[in-house]
Protein chains: 2
Amino acid sequence: MSSDHDLDRPDIGARPDGAAAPGANLLALRGHNAALLLGLLRAAGEEGASRLELAERTGLTPQAVSKITARLRADGLVVEAGRRASTGGKPRTVLRLVPGARHAVGVHLDRDEIVCVLADLTGRPTAVRRAPLDFGAGAEAVLATTAGEVAALREAAGGPPVLGAGVACPGPLDHATGVLRQVTGAPQWDGFPLREALAARLGLPVVVDKDTNAAALGLSRASEEVGGASFAYLHLGTGLGAGLVLGGSLYRGPHTGAGEFGHQVLQLDGPRCDCGRRGCVEALCLAAVARGDLPAAARVLGVAAANLVELLDIDRVLLGGRTVLAHPEVFRDGVARELADHAALRGRPPAPGSDPGAAPAVPVARARGGARTVADGAAELVLTGLFR
Amino acid sequence: MSSDHDLDRPDIGARPDGAAAPGANLLALRGHNAALLLGLLRAAGEEGASRLELAERTGLTPQAVSKITARLRADGLVVEAGRRASTGGKPRTVLRLVPGARHAVGVHLDRDEIVCVLADLTGRPTAVRRAPLDFGAGAEAVLATTAGEVAALREAAGGPPVLGAGVACPGPLDHATGVLRQVTGAPQWDGFPLREALAARLGLPVVVDKDTNAAALGLSRASEEVGGASFAYLHLGTGLGAGLVLGGSLYRGPHTGAGEFGHQVLQLDGPRCDCGRRGCVEALCLAAVARGDLPAAARVLGVAAANLVELLDIDRVLLGGRTVLAHPEVFRDGVARELADHAALRGRPPAPGSDPGAAPAVPVARARGGARTVADGAAELVLTGLFR
DNA sequence: TGCACTTTGGCAACAGCGTTGCGAAAGTGG
DNA sequence: CCACTTTCGCAACGCTGTTGCCAAAGTGCA
């Protein structure tokens, strides 16, 4: 029933040797096109898409789409679901993704809690577990808890096929190798090969990433309209961080260091920050929060967000984190005001005939999903490998 | 002598319809692998690379490499050049890129001057022409001058095969469509389809980009060591701009707006900038230059550069532009100092056993190449399409 | 000098990709 | 009921990288 291709073992995680081996053979070609069609079908959602629509949007011939979707149907990932209205000939058959055909585990390792989700192919969680966790208690305890939670989650869901596990943690780490670095307040994790250790423990492929990155990826997916857009998620909790989705995929930088947003200097010779520098956004923002001046905090965040938008041509901003979610409107409105001012100045006289993409202000909203945002995004780290 | 594939007509420039059609067929596969091998051979330079080395680095089988390089040799792009020392068996045959097999035109349309280069496949210019130009004089005059200069350049070089022309201009534009937007001080260019117009005039495929982007791409290539690195070029002349090369390729953002570096706010409620905001780097930096305080200007630039490095995990920074080149050491040292401070604070105690990639300061240097930097980079806009 | 061994790299057959040509299936409209 | 349109699968095909095999071209020891 299941044909022989490798959809059940997607190429999760970057190569540890660092050196890319991007030579493409026929298998890679097949995988690429299959992922492409799956991506379009996922974006099409309930409505589905016909073979000819897929052919137009990919540039593949209709016959190629037929062959590829036949394989996907044989694997149970896609089904025929109804037909469109006829336009004078045979009506188009609608193809739809089967959300439950595969699942991915998402794990959020927070400092005091572990959240695990089992997400279907659309990214929607079908099962959730939460448990207290002492991230500082050391590797063995955390690994054991994680393995137990994931096993319980899979069992409770009836043991559906699982592609892999995405794991999001705080602090710096190397995504390519899955090795943690100097985690603030938990020095014993420094240099720990979390990816390998968890992969062995869970018996699943594992991807590791920063919590803000996972959140950004998940939120980018959830509010997606057009592919290839650029998007920023700003997280203001006990600290300030960001996740960047550029050109449709997470931008991590060569050492998984991208997105360090909190220590952008926004005020030369400003107040000293814990990091040693002066005038960091995080320091300014949290100081304003501490003295109860939320509008000021929102304004500071807004100016920093406008810098980001200006520098990276960002299309959409989402805000999250405990501090923001405690007063979501204040922050949303404050940031929106700064972005509107920025857009007004940037677009000078909004040229009438020209591309209107540059003139309007970049939209801001609070992140939906609440406490599960990071875990959902962690699952998305795995699912991303299946789609394109 | 020339086989039938499309190396002479690479897919230059993005699709105008915006929607990607990324379906891959066998032709795309062939092109990908050929570009990959050409890229490795270009990086190998004079030393060349053997078939087996190429196979190891791409993940392709040796036989596939043999077939692909045979096609490249038939096209004259690659030659056999000597052999390596034997290691107990038949010695490896060395393959080398033939720099002069194809050329690319690079055009820098500046406000008062046009610079044209003819670059070989390594990016090295083999011919240069410069002429005065009034960019504000309108499209027809500029097109005529450009066409004349390019024709003269090609003729003077003996009419070698030319892949296309890269054109770099000031001001905002849309790379995907090749349409200019509101150019400061030259409103008549707004909405002008420069790419189409020039392509028709020159009879060549044309790519259009911002001058800072072209410069960044060219400089990134010239000082390249490892692929996939991230790199920033900061240009301080009459204004302040940047070009970003992320993951080995130019990052333009969805609307070719990325790299707007000058109006990053660096001082909340600072002095007013021409753009309407307060405390922009450009305003701060140029004010310091105007009052003769170059170290202060360099420091401001350095803080902004550190922000960039922090946010995007940048590996290397190059400085250019008239103001910088007038006092290169002052700016280099000032920026280097800020980046060193930043690295010292970021890397906290540089962990002994861990990846040393995070600890050392990001290197800064002045851009080499002088007045030809942008034109060289413009040629690279075309060449990039051939390599991977 | 001869011969065994190692290593490179081409020839030929092959599996599998998307493409092309064509016809069956399944509608609309007069 | 029939002509027409449109969708979509079957079969043959060209071309990709892969595999099996062997010739070429060295080294190193007898």
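Preceding block: the structure.
Here we summarise the structure given alongside this text.

Quick notes on the rules
Residue positions are counted from 1 within each chain, in the order its sequence is given. Labels follow written order: the first chain is A, the first ligand is 1, and so on. Local features in this predicted model are restricted to residues of pLDDT 70 or higher, and side-chain atom pairs are both shown and tallied only at a pLDDT of 80 or more, whereas totals for entire chains, interfaces and linings draw on every residue. Hydrogens are left out, water is left out, and the side-chain values use all remaining heavy atoms of the structure. Least-squares fitting of one copy onto the other uses the C-alpha atoms of those residues that reach a pLDDT of at least 70 in both copies. The contact criterion used is simple: two residues touch if any of their non-hydrogen atoms lie within 4.5 Å. For the purposes of this entry, the term helix denotes a DSSP run of H or I that reaches at least four residues, the term strand denotes a run of E that reaches at least two, and both are numbered from the N terminus. Think of it in three bands: residues with accessible area under 20% of the maximum for their type are buried, residues over 50% are exposed, and the middle band is partly exposed, with areas taken using a 1.4 Å probe on protein chains only. Here a residue is near a molecule or strand as soon as one of its heavy atoms is found within 4 Å of it. Here a polar contact is recorded for every N or O atom pair within 3.5 Å, except that within protein the pair must consist of a potential hydrogen donor and a potential acceptor, and residues adjacent in sequence are included only if both atoms are side-chain atoms. Residue type decides the class: Asp, Glu, Lys and Arg count as charged, Ala, Val, Leu, Ile, Met, Phe, Trp, Tyr, Cys and Pro as nonpolar, and the leftover types, Gly among them, as polar. We define a salt bridge as a contact between a side-chain nitrogen of Lys or Arg and a carboxyl oxygen of Asp or Glu at a distance within 4 Å. Note on terminology: a nonpolar core comprises buried Ala, Val, Leu, Ile, Met, Phe, Trp, Tyr and Cys residues joined through side-chain atoms within 4.5 Å. For two strands to count as paired, DSSP must find a minimum of two bridges between them.

**What to know about the relation of the copies chain A and chain B**
For the match of chain A to chain B, the screw axis carries a shift of 0.0 Å, the RMSD comes to 0.1 Å, and the turn is 180°. Classification of the inter-copy transformation places it as that of a two-fold axis. Mapped onto chain B, 98% of the interface residues of chain A are again interface residues, and the two copies thus contact each other with one and the same surface.

**Quick look at the environment of Val-167 of chain B**
Residue and element names in this part refer to chain B. Relative to the helices and strands, Val-167 resides in strand β7 (residues 162–169). In this structure, the C-alpha to C-alpha distance between Val-167 and Leu-194, residues 27 residues apart in sequence, is 9.2 Å. Not counting the four nearest positions on each side in its chain, Val-167 is found in contact with Val-107, Leu-109, Leu-194, Leu-198, Val-206, Val-207, Val-208, Asp-209, Ala-378 and Leu-381.

**Quick look at helix α7 (residues 281–290) of chain A**
All names here are of chain A. Buried within α7 we find Val-281, Glu-282, Ala-283, Leu-284, Cys-285 and Ala-288. Along its buried surface, α7 packs onto β11 (231–236), β12 (240–246) and α8 (294–312). Looking at the residues trailing α7, positive phi occurs at Gly-292, about 80°.

**So, the protein's contact with DNA strand C**
In the vicinity of DNA strand C there are 29 residues, among which Arg-30 and Thr-61 of chain A together with Gln-63, Ser-66 and Arg-92 of chain B approach most closely. Expressed as a percentage, the sugar and phosphate content of the atoms of DNA strand C within 4 Å of the protein is 66%. Note that a base oxygen of DNA strand C is positioned 3.1 Å from one of the backbone N or O atoms of Lys-90 of chain B. Per-element accounting of the surface near DNA strand C gives the leading share, five residues, to helix α3 (residues 62–74) of chain A.

**Quick notes on the protein's contact with DNA strand D**
Near DNA strand D you find 31 residues, and of these Ser-66, Arg-92 and Thr-93 of chain A together with Arg-30 and Thr-61 of chain B are the closest. Asn-33 of chain B places a polar side-chain atom, nitrogen or oxygen, 3.2 Å from a phosphate oxygen of DNA strand D. Mapped onto the surface near DNA strand D, the elements with two or more residues apiece are α2 (51–58) and α3 of chain A together with α1 (26–44) and α3 (62–74) of chain B. The element that contributes the greatest number of residues to the surface near DNA strand D is α3 of chain B, accounting for five residues. Grouping the constituent residues of the surface near DNA strand D by class yields nine nonpolar, 13 polar and nine charged.

**Digging into the pattern of salt bridges**
Pairing between side chains becomes possible if they bear opposite charge and their charged atoms approach one another. All names here are of chain A. Here the structure, examined in full by the defined rule, presents 33 salt bridges over all chains. A salt bridge links Glu-80 to Arg-51; the nearest nitrogen and oxygen atoms lie 2.7 Å apart. Taken as a pair, Glu-80 in strand β2 (residues 78–83) and Arg-51 in helix α2 lie far apart in primary sequence, 29 residues in all. With a relative accessible area of 16%, Arg-51 lands in the buried category.

**Description of the nonpolar core**
Formed by 79 residues in total, the largest nonpolar core has its most connected members in Leu-312 of chain A together with Leu-312 of chain B. It is α8 of chain A that provides the largest number of residues to this core, a total of 14 residues. Not counting residues up to four positions away in its chain, the partners in contact with Leu-312 of chain B are Leu-244, Tyr-251, Gly-253, Ala-258, Leu-311 and Leu-312 of chain A together with Ser-230 and Leu-244 of chain B.

**Brief notes about the sheet that holds β2 of chain A**
All names here are of chain A. Taken in spatial order, the three strands make up an open sheet running β1-β3-β2, and their pairing is antiparallel. In this open sheet, the two strands that pair with only one neighbour each are β1 (49–50) and β2. Looking at chain direction, β2 and strand β3 (residues 93–97) are connected through four bridges and run antiparallel. Looking across to β3, one finds that Val-79 is bridged to Arg-96.

**Digging into the pairing of strand β14 (residues 316–320) of chain A**
All names here are of chain A. Taking burial as the measure, the five residues of β14 include five buried ones, the bulk of the element. Here β14 shows two buried faces, one formed by Arg-316, Leu-318 and Gly-320 and the other by Val-317 and Leu-319. Direction of pairing for β11 relative to β14: parallel, over a ladder of five bridges. Bridge pairing in β14 places Phe-231 opposite Arg-316. Pairing geometry for β14 and strand β15 (residues 364–366), over three bridges, is parallel. Across the sheet, Leu-318 pairs through a bridge with Ala-365, a residue of β15.

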